[in-house]
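Survey of secondary and tertiary structure
Below are the chains, spelled out letter by letter.
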Amino acid sequence: MKFNFITLFPNLVTPYFTDSILGRACQNGIIEINCINPRNYTKQKHDKVDEYMIGGGAGLLMYAQPLCDAIDSIGQTHVIYLTPAGKKFNQNDAKRLAKFNNITFICGRYEGIDERVVESKVNEVFCIGDFILTGGELAAMSICDAVSRNISGVLGNANSLDIESFENGILEAPSFTKPNIFNGSPVPSAFLKGNHSIIIALKNHMALCKTRFFRPDLYQTLKSPKL
Ligand code: SAM
């Protein structure tokens, strides 16, 4: 899978993909990261990529032309613009997007981008939460990370995908590691007895409790809550 980032700040993006799981996925050729700087495509003097808004308004906007030409340079690709106006990104989107071969993220800066880019070139718009970032790079990297985990071969143990939060609409059960007692607090005793069906039943129950406590919005959407 090839991920293209259209960004004025490639140095913000590339280091993230040099280490750990995604670094390995890049080295193994499972994913590829390609940064394209719209500044290299501008037809304005002095490599200018931003301008005041027509009709007034505070701040600057990214020109349509360099962004459109940067997108066109890629060829066949699924274009995503990161914007607070977009659909809230979720795990189902991550799984769906993992089936594409080539995805392009447009990372806005300043007050965003000329709306005509969205109208003419963009396939989907995503928001990563109801807050404002200084630019789209972090949002794009978050989505790229979440999508990559769902690409075959990226995770060492693909089974870990099945039990993670948001699978089956609930959070993952609380997890513990050694020691069995930490600061006077023991792990649930059933976890130590090796009976797998009891452990699974307990984990399911704890996952439901955790979801009801931390994410009542998710819990409410469950068809038949068992608590
Ligand atoms: N003026 C814009 C507005 O009010 O919607 C915000 C612009 S923001 C300062 C600059 C860029 O950061 C945006 O164009 C977008 O690409 C990105 N961005 C900011 N917050 C975001 C969020 N919650 N989700 C996705 N992208 C975001």
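Residues numbered from 1 in each chain as written. Predicted model: local features only at pLDDT ≥ 70, side-chain atom pairs only at ≥ 80, totals over all residues. Heavy atoms only, no water.

Take Thr-77: it is sitting in the loop between α3 (64-72) and β5 (78-88). Thr-77 sits in the buried class, given a relative accessible area of 14%. In terms of polar contacts, Thr-77 uses its side chain to reach the side chain of Asn-102, at 2.7 Å. A distance of 2.7 Å separates a polar atom in the side chain of Thr-77 from a polar atom in the side chain of Thr-104. Excluding its chain neighbours within four sequence positions, the residues that come into contact with Thr-77 are Asn-4, Asn-102, Ile-103, Thr-104 and Asn-123. (Helix = DSSP H or I, 4+ residues; strand = E, 2+ residues; numbered from the N terminus. Buried < 20%, exposed > 50% of the residue type's maximum accessible area, 1.4 Å probe, protein only. Polar contact = N/O pair within 3.5 Å; in protein donor to acceptor, adjacent residues only side chain to side chain. Contact = heavy atoms within 4.5 Å.)

This part covers the site of the ligand. The full set close to the ligand counts 19 residues, and Tyr-81, Leu-82, Glu-111, Gly-129 and Phe-131 are the nearest of them. Within the backbone of Gly-136, an N or O atom sits 3.4 Å from an oxygen atom of the ligand. Notes on the ligand: free accessible area 580 Å², of which the protein chains cover 83%. Within the residue set of the shell around the ligand, elements represented by two or more residues are β5 and β7 (124-127). In the shell around the ligand, the residues fall into 11 nonpolar, seven polar and one charged. (Near = heavy atom within 4 Å. Areas by Shrake-Rupley, 256 points an atom, 1.4 Å probe, with all protein chains shown as cover. Nonpolar A, V, L, I, M, F, W, Y, C, P; charged D, E, K, R; others polar.)

Each assigned domain of the chain is listed with its residue range as follows: domain 1 (2-148) and domain 2 (165-221). Each of domain 1 and domain 2 has a C-alpha centre, and the two are 37 Å apart. (Domains from an automatic or database assignment.)

Attention now goes to the packing of aromatic side chains. Enumeration over the complete set of coordinates arrives at seven aromatic pairs. Aromatic side chains Phe-3 and Phe-105 sit 6.1 Å apart centroid to centroid with 10° between the ring planes, which places their arrangement in the stacked category. Here Phe-105 lies in strand β6 (residues 102-106) and Phe-3 lies in strand β1 (residues 2-6), a separation of 102 residues in the sequence. Given the relative accessible area of 0%, Phe-105 is considered buried. Each member of the aromatic cluster is reached from another via a ring pair, and the members are Phe-3, Phe-5, Tyr-16, Phe-17 and Phe-105. (Phe/Tyr/Trp six-rings, centres within 6.5 Å; stacked < 30°, edge-to-face > 60°.)

Among the nonpolar cores identified, the biggest contains 27 residues, and Phe-3, Phe-5, Phe-105 and Val-147 are the most heavily contacted of them. A per-element tally of this core places helix α6 (residues 137-148) first, with seven residues. Non-local contacts of Phe-105, meaning those with residues more than four positions away in its chain, are made with Phe-3, Asn-4, Phe-5, Ile-6, Ile-80, Leu-82, Ala-140, Ile-143 and Cys-144. Formed by 18 residues, the second largest nonpolar core is a distinct cluster that contains Ile-6, Ile-36, Val-79 and Val-117. (Core = buried A, V, L, I, M, F, W, Y, C linked by side-chain atoms within 4.5 Å.)

So, about the UniProt feature "binding site: S-adenosyl-L-methionine" (unreviewed entry) in the chain. The UniProt feature table records "binding site: S-adenosyl-L-methionine" (unreviewed entry) at Gly-108, Ile-128, Gly-129, Asp-130, Phe-131, Ile-132 and Leu-133. Relative to the helices and strands, Gly-108 is located in the loop between β6 and α5 (115-121). Leave out the neighbours within four places in its chain, and Gly-108 touches Met-62, Tyr-81, Ile-113, Gly-135, Gly-136 and Glu-137. Relative to the helices and strands, Ile-132 resides in the loop between β7 and α6. (UniProt positions renumbered as here; feature names shortened; annotations may be inferred.)

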